[in-house]
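Report on the structure
For reference, the chains in residue letters:
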Amino acid sequence: MLIAKFFHLLGTTIWVGGMFFAHMALRPALASLQPPQRLVLMAATLGAFFTWVWIAIALVLGSGLHMMALMGAGHAPPWVHAMAGIGILMMLIFGHIFFAPFRRLKLGAAQQDWDRAARALGQIRRLVGVNLCLGLLCIALGALGPLAA
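These remarks concern the structure in this document. (Residues numbered from 1 in each chain as written. Predicted model: local features only at pLDDT ≥ 70, side-chain atom pairs only at ≥ 80, totals over all residues. Heavy atoms only, no water.)

Counting its regular elements, the chain contains five helices and zero strands. Taken over 149 residues, the chain has a buried fraction of 38%. Taking as baseline every contact in the chain between residues at least 6 positions apart, the subset at least 24 positions apart corresponds to 79%. Accessible area of the chain: about 8400 Å², with a carbon and sulfur share of 73%. (Helix = DSSP H or I, 4+ residues; strand = E, 2+ residues; numbered from the N terminus. Buried < 20%, exposed > 50% of the residue type's maximum accessible area, 1.4 Å probe, protein only. Contact = heavy atoms within 4.5 Å. Areas by Shrake-Rupley, 256 points an atom, 1.4 Å probe, with all protein chains shown as cover.)

Packing of helix H4 (residues 101-110) against helix H5 (residues 114-148) brings their axes to within 8 Å, and their N-to-C directions diverge by 150°. As the angle between them shows, H4 and H5 are arranged roughly antiparallel. Note on packing geometry: the crossing formed by H4 with H5 is left-handed. Contacts between H4 and H5 involve Pro 101, Phe 102, Arg 104, Leu 105, Leu 107, Gly 108 and Ala 109 on the former and, on the latter, Trp 114, Arg 116, Ala 117, Ala 120, Leu 121, Gln 123, Ile 124 and Leu 127. Tallied by class, the residues present in the contact of H4 with H5 amount to eleven nonpolar, two polar and two charged. (Axes fitted to C-alpha atoms, helices over the stretch in contact; angles between N-to-C directions. Parallel < 35°, antiparallel > 145°, perpendicular 65-115°, else oblique. Left-handed = near helix turned anticlockwise from the far one by under 90°. Nonpolar A, V, L, I, M, F, W, Y, C, P; charged D, E, K, R; others polar.)

A few words on the packing of aromatic side chains. For any pair of aromatic rings, the description rests on two quantities: the centre-to-centre distance and the angle between the ring planes. In this structure the tally under the stated criterion is twelve aromatic pairs. Relative to Phe 50, the ring of Phe 49 has its centre 6.0 Å away and its plane inclined at 45°; by these criteria the two rings are tilted. For Phe 49, a relative accessible area of 17% gives the class buried. For Phe 50, a relative accessible area of 3% gives the class buried. Judged by centre distance (5.0 Å) and plane angle (85°), the rings of Phe 98 and Phe 99 are edge-to-face. For Phe 98, a relative accessible area of 22% corresponds to the partly exposed category. (Phe/Tyr/Trp six-rings, centres within 6.5 Å; stacked < 30°, edge-to-face > 60°.)

There is a patch of nonpolar side chains on the surface, built from Ile 3, Phe 6, Phe 7 and Leu 10 and spanning about 390 Å² of accessible area. Secondary-structure assignment places Phe 6 in helix H1 (residues 2-29). The exposure class of Phe 6 is partly exposed, given its relative accessible area of 49%. (Patch = residues over 30% accessible without salt bridge, like charges linked within 9 Å, V, L, I, M, F, W, Y side chains within 5 Å. Salt bridge = Lys/Arg side-chain N within 4 Å of Asp/Glu carboxyl O.)

What follows is about the environment of Met 71. When you line up the elements, Met 71 lands in helix H2 (residues 35-71). Relative accessible area serves as the criterion here: at 32%, Met 71 is assigned to the partly exposed category. Considered as a pair, Met 71 and Ala 29 are 42 residues apart in the sequence and their alpha carbons are 44 Å apart.

Structure follows, in structure tokens:
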């Protein structure tokens, strides 16, 4: 269980920490760049980060399912089930981000269609904001849920 917790925390740190950095620090700092520069940079940055998100999802999902199996899924406390449900929702949102607006961002930037790329980046920003809030809620449940038991 200890190694599974480590991998779970590692994946969570990579994913939620990366979203926090991108949303709260990188995005505002890039506002001073012209749209072509900003959009090309964000497409490249998100491309690199999203590779790590896929790895983080594998770590979080694999370790989470393993820990739930060790607990006996029917015997896991409600906060564990809440974390699992929120985590699955986050993964679905990320899948949508990756396969829809991120694809449009990359195509728009490559074709120098800055309006299309900007719309896609705006959608990514909103969805990452939602996922960031959900991720922080999961962290709170993981940290505070055991105190309620």
